[in-house]
Amino acid sequence: MAYPNINIQTIDLAMVRENSPNPTSDVKFTFLDQNTGLKSELPAHKLILAFGSEVFMKQFFGSIPEERDTIPVEDSSVKVFAVFLDILYNKKIALEVFGFQFLADLYFLAEMYLHDFLKTLIVNEVSTRIIDSGNLLEVAKVAENNAHLGEFSTSLFSICYVFMSKSDLESISDIFDKEDVGEENSFTLHRLMAGSKRSRPNPSNICKNCQHEPCLDGKELTKSTFVAGASISRPSQLGTEVVRKTVKIYDDRVEYEYVMANMSGRTVSTTCLVKFSELIFKCT
């Protein structure tokens, strides 16, 4: 008797960490809130953490393994660290629900534990956000205070510059005239204006498809150049006339949507997941 291919995987790693009895965990991270004095802890499993981060692998299973089962954490809040653990346990996390400072703290952990894919996801998330006069200062301050985070800070400054370049002088003046701006924030605004002038691209030179200057037409798609909704081509299927648009990235692969006519002549839309190296930008 032939059996259909079914997924018999029954282990939900995220549920294991959240709901299994503490005896199943072999390490716990402790936290102390400096403002309230509140103590908290997060249980985890060394083996799962090691597979999620080479830093944890060396820490728990290296030549000089960590002997402690209780590890105090001083450079992260329990909320941010909990989300980081959820990601290592393969739990689906919606980054769009988190504020800029939270993402900065999460990016810091990703950098500390050498999780490059998470860093890319965070940068892609903040790069697509649209800010306004209400949160311009907040975003700029987060960018300044986290300048050591490199690409993350640069991405925040970039969306600030985009807002500044699209705003008229009156809108900018209104921000300066607010009573709660203060001297420190005034300096931040002046630095933003200076940076905006230096980095402002010529809008006529930016490709509307790949969102880059110069245009990346015919260039291979990469994590750093990925743009959602961009028209692309798949060289291995050049004979098939379909419209392809990027959707999102998953680790070393990219999901794209394509539209084509079925046997009845109706147009249908579906998605496909392939390696970055299989796709190129189609801007012309």
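Going by the structure above, here's the rest.
Keep in mind that what you see is a predicted model, and the values were worked out from it rather than measured.

1. Some thoughts on the sheet that holds strand β3 (residues 70-72)
Right, on to step 1. In spatial order, the strands read β2-β1-β3; together these three strands make up an open sheet with mixed pairing. Two strands lie at the open edges of the sheet, namely β2 (39-44) and β3, each paired on one side alone. Averaged over neighbouring strand pairs, the angle between their axes works out to 25° when direction is ignored.
Right, on to step 2. The sheet contact formed by strand β1 (residues 27-32) and β3 spans three bridges and is parallel. In the sheet register, Thr-30 faces β3, and the bridge partner there is Pro-72.
Right, on to step 3. In this fold helix α4 (residues 78-88) packs onto β1 and β2, with an angle of close to 5° to the strand it touches most, β2.

2. So, the side chain of Lys-46
Right, on to step 1. Following the sequence through the fold, Lys-46 ends up in helix α2 (residues 46-52).
Right, on to step 2. In this structure Lys-46 comes out as buried when scored by relative accessible area, which is 12%.
Right, on to step 3. Once you skip the residues sitting within four places of it in the chain, Lys-46 turns out to touch Asp-26, Val-27, Phe-60, Phe-61, Glu-66, Arg-68 and Asp-69.

3. Looking at the packing of aromatic side chains
Right, on to step 1. A complete count under the given rule lists twelve aromatic pairs for this structure.
Right, on to step 2. Centre to centre, the rings of Phe-56 and Tyr-113 are 4.4 Å apart; their planes meet at 20°, and the pair counts as stacked. Placement of the pair is Phe-56 in helix α3 (residues 54-61) and Tyr-113 in the loop between α5 (100-112) and α6 (116-127), with a sequence separation of 57 residues.
Right, on to step 3. Of the residues examined, Phe-56 reaches a relative accessible area of 0% and is grouped as buried.
Right, on to step 4. Each member of the aromatic cluster is reached from another via a ring pair, and the members are Phe-29, Phe-31, Phe-56, Phe-60, Phe-81, Phe-84 and Tyr-113.
Right, on to step 5. Here the basic side chain of Arg-129 rests over the ring of Phe-100, its NZ or CZ set 4.9 Å away from the ring centre.

4. So, a nonpolar patch on the surface
Right, on to step 1. Nonpolar side chains collect at one region of the surface, where Leu-47, Phe-51, Met-57 and Phe-61 lie side by side and expose about 430 Å² of accessible area between them.
Right, on to step 2. Secondary-structure assignment places Met-57 in helix α3.

5. Here we look at the environment of Lys-79
Right, on to step 1. Turning to its location among the elements, Lys-79 is positioned in helix α4.
Right, on to step 2. Here the alpha-carbon distance between Lys-79 and Leu-106, two residues 27 residues apart in the chain, equals 9.8 Å.

6. Quick look at the pattern of salt bridges
Right, on to step 1. Using the criterion set out here, one finds seven salt bridges in the structure.
Right, on to step 2. Between Arg-234 and Glu-278 there is a salt bridge; the shortest N-O distance is 2.8 Å. Placement of Arg-234 in the loop between β4 (231-233) and β5 (243-250) and of Glu-278 in the loop between β7 (267-275) and β8 (280-281) is noted, with a sequence separation of 44 residues between them.
Right, on to step 3. On the basis of relative accessibility, which here comes to 26%, the residue Glu-278 falls in the partly exposed class.
Right, on to step 4. Beyond isolated ion pairs, a larger network of salt bridges with shared partners links Glu-111, Asp-116 and Lys-119.

7. Notes on unusual backbone geometry
Right, on to step 1. Residues other than glycine seldom take positive phi values, yet Asn-90 does so here, at roughly 65°.
Right, on to step 2. The topology assignment puts Asn-90 in the loop between α4 and α5.

8. Some points on the nonpolar core
Right, on to step 1. Counting residues in each nonpolar core, the largest one holds 51 residues, and the members touching the most others are Phe-29, Leu-49, Phe-56, Phe-81, Leu-106, Phe-152 and Leu-156.
Right, on to step 2. With eight residues, α4 is the largest single contributor of residues to this core.
Right, on to step 3. Contacts of Leu-49, omitting those with residues within four sequence positions, involve Val-27, Phe-29, Ala-44, Phe-56, Phe-60, Leu-85, Leu-88 and Tyr-89.
Right, on to step 4. Ranked by size, the runner-up nonpolar core spans 15 residues in total, among them Leu-216, Tyr-256, Val-274 and Leu-279.

Rules behind the numbers
Residues numbered from 1 in each chain as written. Predicted model: local features only at pLDDT ≥ 70, side-chain atom pairs only at ≥ 80, totals over all residues. Heavy atoms only, no water. Pairing = 2+ DSSP bridges. Helix = DSSP H or I, 4+ residues; strand = E, 2+ residues; numbered from the N terminus. Axes fitted to C-alpha atoms, helices over the stretch in contact; angles between N-to-C directions. Contact = heavy atoms within 4.5 Å. Buried < 20%, exposed > 50% of the residue type's maximum accessible area, 1.4 Å probe, protein only. Phe/Tyr/Trp six-rings, centres within 6.5 Å; stacked < 30°, edge-to-face > 60°. Lys NZ or Arg CZ within 6 Å of the ring centre and 35° of its normal. Patch = residues over 30% accessible without salt bridge, like charges linked within 9 Å, V, L, I, M, F, W, Y side chains within 5 Å. Areas by Shrake-Rupley, 256 points an atom, 1.4 Å probe, with all protein chains shown as cover. Salt bridge = Lys/Arg side-chain N within 4 Å of Asp/Glu carboxyl O. Core = buried A, V, L, I, M, F, W, Y, C linked by side-chain atoms within 4.5 Å.

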